[in-house]
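# Overview (structure and organization)
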Amino acid sequence: MVEILKERRAQIVEKGRDGRGIECGKASVAGSVSQRACVFCGARVVLYPIADALHLVHGPIGCAAYTWDIRGSLSSGPELHRMSFSTDLREEDVIYGGERKLEACLGELIARHRPKAAFVYSTCIVGLIGDDVDAVCARVSAREGIPVLPVRSEGFRGTKKDGYRAACEAAFRLVGTDVLTPVSPLSVNILGDFNLAGETWIIKEYYRRMGIEVVSCITGDGRVDEIARSHRAALNLVQCSGSMTHLAREMERVHGVPYRKVSYFGLEDTADALYAVSEFFGDPEVSRLARELVVEETDRVLPAIGAFRRDLEGKRAAVYVGGAFKAFSLVKALRLLGMDTVVVGSQTGSAEDYEYLSRITDEGTIIVDDANPLELSRFILEKGADLLVGGVKERPIAYKMGIAFCDHNHERKIPLAGFEGMVNFAREVHASATSPVWRFSPARARARGGSL
Amino acid sequence: MLLRHTPEAVAERSALTINPAKTCQPVGAMYAALGVHRCLPHSHGSQGCCAYHRSALTRHYKDPIMATTSSFTEGASVFGGQANMLEALTNIFALYDPEIVAVHTTCLSETIGDDLPQIINKARSEDKIPKGKFVVHANTPSYKGSHVTGYANMVAAFVQYFSRSTGRRTGRINLIPSFVEPSDMSEIKHIASEMGIDFAMFPDTSDVVNGPMDGKFRMYPRGGATREQIEAAGDARLTVALGRVGALPAAKLLDTKCKVPVEALDLPIGVRATDALVETLRKAAGVPVPDSLSLERGQLVDVLCDMSQYTYGRTVSMVGDPDLLVGLVSFCRDAGMRVLHVVTGTNPGPKFERRIKELAGEGVTVRTGLQADMFLFHQLVKGERPDLIMGNTYCKYIARDMDIPLVRVGFPIYDRVGHSYFPVTGYRGGLMLLERVLGAIQDRIDRDAPEESFELVM
């Protein structure tokens with residue numbers, strides 16, 4: 001295997017060669033070009049799609065600037081979430097405290113926008129100077145009559161995963177505040193889908209066709225009122241388990257709502273998700289509708305996928321994504337396209353996640369936790385990957401190396417969820433892998449014996 | 001729609017920033033450090049900062065952006081970041097083998113009071129910095145200044161650490177550009193090269209963040225100013241600082257430290273500002289202006305003249321970074337345009353407003369610093385509608401809301417390409433910018449023309 005920092009070795013295994021488990025969930029090694037982000041980032045991406053809430057970043061300007069409308073979480077209505085609000089803390093605030101500024105900002109914003117709720121994100125500096133954000137939020141909440149929720153997302157308090165947890169804790173305070181609005185017994189909440197490119201809408205439509213009410217989406221195209229009554233849904237469906245399992249557990253513990261982990265990525269996983277729901281309700285009509293839906297949709301998309309598969313068969317893929325659950329689905333979906341996953345990693349996977357990954361991948365596949373660009377590029381070379389599936393920071397690495405790329409993160413512009421999403425995924429992978437531009441890649445030309 | 005949220009009336013705000021027209025210091029420091037060859041930027045703070053800056057620069061340049069982080073945890077924020085920094089340096093030199101590690105701080109490490117010089121000394125005394133390798137640092141707290149300040153601070157740090165005066169003056173001229181694109185840096189070098197003068201430019205991000213696709217991933221692309229150049233800058237005869245906010249601090253430090261005189265110029269955008277650069281170089285080096293540059297200048301003036309009827313008297317509002325804004329105002333005035341609004345989230349000092357008014361007249365509205373954000377810019381534009389907006393990608397919301405054409409220039413640009421390769425500086429860059437401005441104006445005239453006056457020849 002390629003040259004790896006001693007401290008990193010335990011976080012990488014090659015299936016079939018290394019008999020050991022993988023180490024994960026630890027802070028990135030200091031000095032590595034980690035692809036990971038911080039607690040604030042985790043909390044911000046999770047709560048951000050709640051479109052009728054105010055999102056105020058309490059800290060210096062950067063934290064707000066870097067998270068301003070970077071994630072295409074679509075809203076079917078209000079778009080307050082797409083604005084960037086910051087207390088823009090300056091040196092004097094760091095010295096004298098930022099509480100007064102925070103309170104003034106909240107007052108102005110609530111007066112202007114009349115949001116349904118407000119989230120106040122604490123950044124590193126707030127944790128250090130010791131602003132009592134909870135107290136400010138409680139005061140403003142009492143005065144304005146809306147929930148004002150502190151999000152404990154100081155960047156240094158852990159990894160992005162801890163940010164998910166902070167987000168879940170803040171969102172959980174909204175859950176259960178509406179006990180009046182009627183909710184169907186055949187009802188679910190969609191957790192952990194963020195409506196990138198409208199994916200939540202696709203999934204919602206499936207459930208509508210199955211005769212199931214979606215009470216709330218947390219948080220894609222999210223609304224404060226829907227979250228407030230979400231505790232009365234019969235079932236929570238958790239996608240992107242890394243981000244939202246904590247909320248699901250809390251809702252189970254406090255409100256008795258059971259949950260199922262699902263994925264809507266790939267035909268197999270989407271069908272499994274819909275069947276799991278119909279099985280849960282045990283309602284013959286729901287089961288019939290689910291079966292019809294799966295058969296109809298699969299029949300509709302399989303020919304298109306088959307056409308793409310012919311060109312992709314035998315190609316090799318590397319996968320590096322945020323959450324491990326997405327990696328599972330990707331491995332399966334790529335297999336459906338005839339592709340082998342030769343490198344797979346995540347930023348936030350757990351030991352069980354990696355254990356599962358090692359079960360579903362082939363011998364020789366490299367499994368890696370918290371990879372950095374140098375490692376990734378070397379694994380890609382070593383394993384001869386033709387495609388990298390990743391996020392914004394991985395894209396140019398793939399392109400510079402002259403291999404195909406598919407964004408499976410914030411920057412996807414077409415929905416990849418559900419049955420039609422699988423066609424889109426196949427189309428995107430196919431378009432990138434068969435792009436004529438690779439003819440001009442010197443590496444490929446050299447491999448063919450050319451000189452350039 | 002998103003911008004229904006912006007009312008026309010400008011209300012006084014006590015504290016709040018809405019839709020910022022700036023970002024924080026470290027990203028500027030990271031960018032400046034990429035402009036030095038085999039230099040690895042290092043973020044001394046939580047790993048989120050580094051991830052955000054890398055993402056921002058990656059989105060803007062569509063190239064890999066390499067930087068490392070001290071990965072602060074709760075412990076580091078209580079006990080200080082020294083242990084993280086020392087571990088980081090060991091790992092960085094072992095794995096990534098840079099020549100230089102350029103450390104910038106964050107609000108976190110600044111507030112806990114990490115003493116970077118002391119930590120770097122400790123690293124050196126403990127042999128954590130291999131022979132022939134260097135670690136430099138700049139203080140870049142996020143709660144002061146902006147990304148432009150961070151850029152300026154990191155450039156000054158290179159001078160502080162590397163520039164030496166041997167007592168033997170050379171004929172060399174130092175060129176320090178403000179926070180501009182790699183294409184602009186290339187263009188500035190082009191001008192100096194055409195004049196045949198002995199010069200060194202730093203930082204220089206050309207061939208670093210606009211690298212070729214050649215089938216390889218490189219930690220350290222081939223571009224970047226060398227450490228030797230920055231060291232030798234102390235013996236130069238003159239430093240030309242292109243931009244008061246981003247470039248002048250390093251030039252002044254070089255003067256203080258090594259007695260190299262400074263000439264502070266505006267960023268060379270448009271005819272006048274480029275003339276000023278050429279004239280300064282000509283005088284300092286005692287060389288004639290080559291025909292090739294006269295030709296480039298003549299071509300720019302030719303197109304300005306050919307198309308003057310489409311630019312003269314047109315109104316423009318712009319938002320961005322101070323040095324760029326001065327250059328753009330100068331350019332727009334060359335083209336006979338009237339500048340209505342100039343907004344920057346950076347606090348550029350009192351000279352900025354004076355300079356803008358010298359160029360654009362007293363009628364221009366200038367807003368800077370706190371609460372000078374995109375929200376305010378939108379309100380100003382609603383109050384007095386320009387024919388054209390110039391600014392970064394975030395202006396697209398405003399341009400769409402107001403149905404005003406937008407010319408993208410500045411940082412960040414996340415939704416178009418070109419800025420990495422097509423400069424706005426120099427005569428050639430001026431021509432490219434003019435072409436884009438004309439395209440925006442003329443497309444609009446075509447779009448809005450009634451059929452009977454929709455003309456073939458314009």
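Only a predicted model underlies this, so the values are computations on that prediction, with no experimental measurement involved. (Residues numbered from 1 in each chain as written. Chains lettered and ligands numbered in written order. Predicted model: local features only at pLDDT ≥ 70, side-chain atom pairs only at ≥ 80, totals over all residues.)

Attention now goes to the overall build of chain B. Across its full length, chain B carries 18 helices and 14 strands. For a compact globule of 458 residues, the expected C-alpha radius of gyration is about 23 Å, and chain B comes in at 22 Å, within 12% of that figure. Based on the C-alpha atoms only, the size of chain B along its principal axes is roughly 80 × 55 × 45 Å. Across the 458 residues in chain B, those meeting the buried criterion constitute 59%. Put simply, of all contacts in chain B between residues at least 6 apart along the chain, 74% involve residues at least 24 apart. (Helix = DSSP H or I, 4+ residues; strand = E, 2+ residues; numbered from the N terminus. Rg over C-alpha atoms; globule rule 2.2 N^0.38 Å. Buried ≥ 20, exposed ≤ 12 C-beta atoms within 10 Å, placed from the backbone. Contact = placed C-beta atoms within 7 Å.)

On to the overall build of chain A. Each helix and strand in chain A was counted, giving 18 helices and 14 strands. On C-alpha atoms alone, chain A measures out to a radius of gyration of 23 Å, which is about the 22 Å that the 2.2 N^0.38 rule sets for 452 residues. Projecting the C-alpha coordinates of chain A onto the three principal axes gives extents of approximately 70 × 60 × 40 Å. Within the span of chain A, comprising 452 residues, buried residues form 61% of the whole. Within chain A, contacts between residues at least 6 apart in sequence are counted, and of these 73% link residues at least 24 apart.

Next up on the list: the pairing of strand β11 (residues 338-344) of chain B. Residues and elements named next belong to chain B. Most of β11 is tucked away, with 6 of its 7 residues classed as buried. Taken together, the 5 bridges between strand β10 (residues 315-319) and β11 define a ladder with parallel strand orientation. Bridge pairing in β11 links V319 to V343. With respect to chirality, the unit in which β10 leads through helix α14 (residues 322-334) into the neighbouring parallel β11 is right-handed. (Pairing = 2+ DSSP bridges. Right-handed = clockwise from strand over helix to strand, strands pointing away.)

Residues and elements named next belong to chain A. Between helix α13 (residues 324-336) and helix α14 (residues 351-360), the shortest axis-to-axis distance is 10 Å and the interhelical angle comes to 5°. On the basis of the axis angle, α13 is roughly parallel to α14. In contact with A324, A327, F328, V331 and K332 of α13, α14 contributes D353, Y354, Y356, L357 and I360. A breakdown of the residues in the contact of α13 with α14 according to their chemical character gives 8 nonpolar, no polar and 2 charged. (Axes fitted to C-alpha atoms, helices over the stretch in contact; angles between N-to-C directions. Parallel < 35°, antiparallel > 145°, perpendicular 65-115°, else oblique. Nonpolar A, V, L, I, M, F, W, Y, C, P; charged D, E, K, R; others polar.)

Right, let's talk about the interface of chain A and chain B for a bit. Each partner contributes residues to the interface: chain A has 62 residues there, and chain B has 61 residues. The leading source of residues in the side of chain A that touches chain B is helix α4 (residues 99-113) of chain A, at 6 residues. Judged from the 2 bridges that link them, strand β3 (residues 85-86) of chain A and strand β1 (residues 17-18) of chain B form a sheet pairing that is antiparallel. Across the sheet, residue F85 of chain A finds its bridge partner in β1 of chain B, namely I18 of chain B.

Residue and element names in this part refer to chain B. Domain boundaries assigned for chain B yield domain 1 (25-162), domain 2 (173-290) and domain 3 (294-452). Each of domain 1 and domain 3 was reduced to a C-alpha centroid, and the two centroids are 34 Å apart. Opposite the 9 residues of domain 1 that make contact, domain 3 presents 10 residues. For the side of domain 1 that touches domain 3, the secondary-structure elements that each account for two or more residues are α2 (47-61) and α7 (147-162). Counting residues per element, the side of domain 1 that touches domain 3 draws most heavily on α2, at 4 residues. Residues that form the side of domain 1 that touches domain 3 fall into these classes: 3 nonpolar, 4 polar and 2 charged. (Domains from an automatic or database assignment.)

In the segment running from I218 of chain A into T219 of chain A, the intervening peptide bond is cis, with an omega of 15°. One can find T219 of chain A in the loop between β7 (213-218) and α9 (224-228). Non-glycine residue D370 of chain A carries a positive phi angle of around 55°. The backbone of D97 of chain B sits at a positive phi, close to 45°, despite the residue not being glycine. In this structure D97 of chain B comes out as partly exposed when scored by C-beta crowding, with 13 C-beta atoms within 10 Å.

Another aspect to go through is the nonpolar core. Within the largest apolar cluster, 300 residues are counted, with the highest numbers of intra-cluster contacts made by A118, V120, A171 and V319 of chain A. Ignoring sequence-local partners within four residues, the contact set of A171 of chain A consists of L47, I218, I227 and L247 of chain A. (Core = buried A, V, L, I, M, F, W, Y, C linked by C-beta atoms within 7 Å.)

What follows concerns the confidence of the model for chain B. On average, residues of chain B score 96 in pLDDT, and 99% of them are at 70 or above. For this predicted complex, the interface score ipTM comes out at 0.94, while the overall pTM is 0.95. (pLDDT = per-residue confidence, 0-100.)

Next up on the list: the domain arrangement of chain A. Residues and elements named next belong to chain A. The assigned domain composition of chain A is domain 1 (1-32 + 313-412), domain 2 (39-172) and domain 3 (187-293). Using C-alpha coordinates to define each centre, domain 1 is positioned 28 Å away from domain 3. Taken residue by residue, the interface counts 11 residues in domain 1 and 12 residues in domain 3.

What follows deals with the environment of G256 of chain A. Residue and element names in this part refer to chain A. With respect to the secondary-structure elements, G256 resides in the loop between α10 (241-255) and β9 (259-261). Under the C-beta neighbour-count criterion, G256 is labelled exposed, with 8 such atoms within 10 Å. As for G256 and R232, which are separated by 24 residues in sequence, their C-alpha atoms are 9.1 Å apart.

What follows deals with the pairing of strand β9 (residues 262-265) of chain B. Residues and elements named next belong to chain B. As paired elements, strand β8 (residues 238-242) and β9 share 4 bridges and run parallel to each other. Looking at β9, one finds that A241 is bridged to A264. In this fold, the crossover linking β8 to β9 by way of helix α10 (residues 248-258) has right-handed handedness.

All names here are of chain B. The complete set of buried residues in helix α17 (residues 395-402) reads C395, Y397 and I398. Buried residues of α17, seen end-on, are gathered within an arc of 155° and therefore sit on one face of the element. Looking at the buried side of α17, the elements it contacts are β10, α16 (374-383), β13 (388-391) and β14 (406-408). Of the residues one or two after α17, D403 is the one with positive phi, at around 55°. (Arc of directions from axis to C-beta.)

Residues and elements named next belong to chain A. The residue A234 is located in the loop between α9 and β8 (235-238) in this model. Overall, A234 belongs to the partly exposed group, with 19 C-beta atoms counted inside 10 Å. Separated by 31 residues in the primary sequence, A234 and I203 have C-alpha atoms spaced 17 Å apart. With near-sequence residues (within four places) excluded, A234 lies in contact with P185, L186, S187 and V188.

Right, let's get into the sheet that holds β11 of chain B. Picture the strands of a sheet paired through backbone hydrogen bonds; they go either parallel or antiparallel. Residue and element names in this part refer to chain B. Strand order in the open sheet formed by 5 strands is β12-β11-β10-β13-β14, with parallel pairing between adjacent strands. Each of the sheet's edge strands pairs with one partner strand only, and the pair in question is β12 (365-368) and β14. Across the sheet, the axes of successive neighbouring strands diverge by a mean angle of 15°, strand direction being ignored. Running at roughly 160° to β11, α16 makes contact with β10, β11, β12 and β13 of the sheet.

Here we take up the sheet that holds strand β11 (residues 340-346) of chain A. All names here are of chain A. Read across the open sheet, the 6 strands follow the order β1-β12-β11-β10-β13-β14; overall the sheet is mixed. Unpaired on one side and paired on the other, β1 (12-14) and β14 (404-407) mark the two borders of the sheet. Ignoring strand direction, the axes of neighbouring strands in this sheet form an average angle of 15°. In this sheet, β14 lies alongside strand β13 (residues 387-390) in parallel orientation, the contact comprising 4 bridges. Paired with L387 across the two strands is A404, which belongs to β14. Where α13 meets the sheet, its contacts fall on β10 (316-321), β11 and β13, and the angle it forms with β10 comes to roughly 165°.

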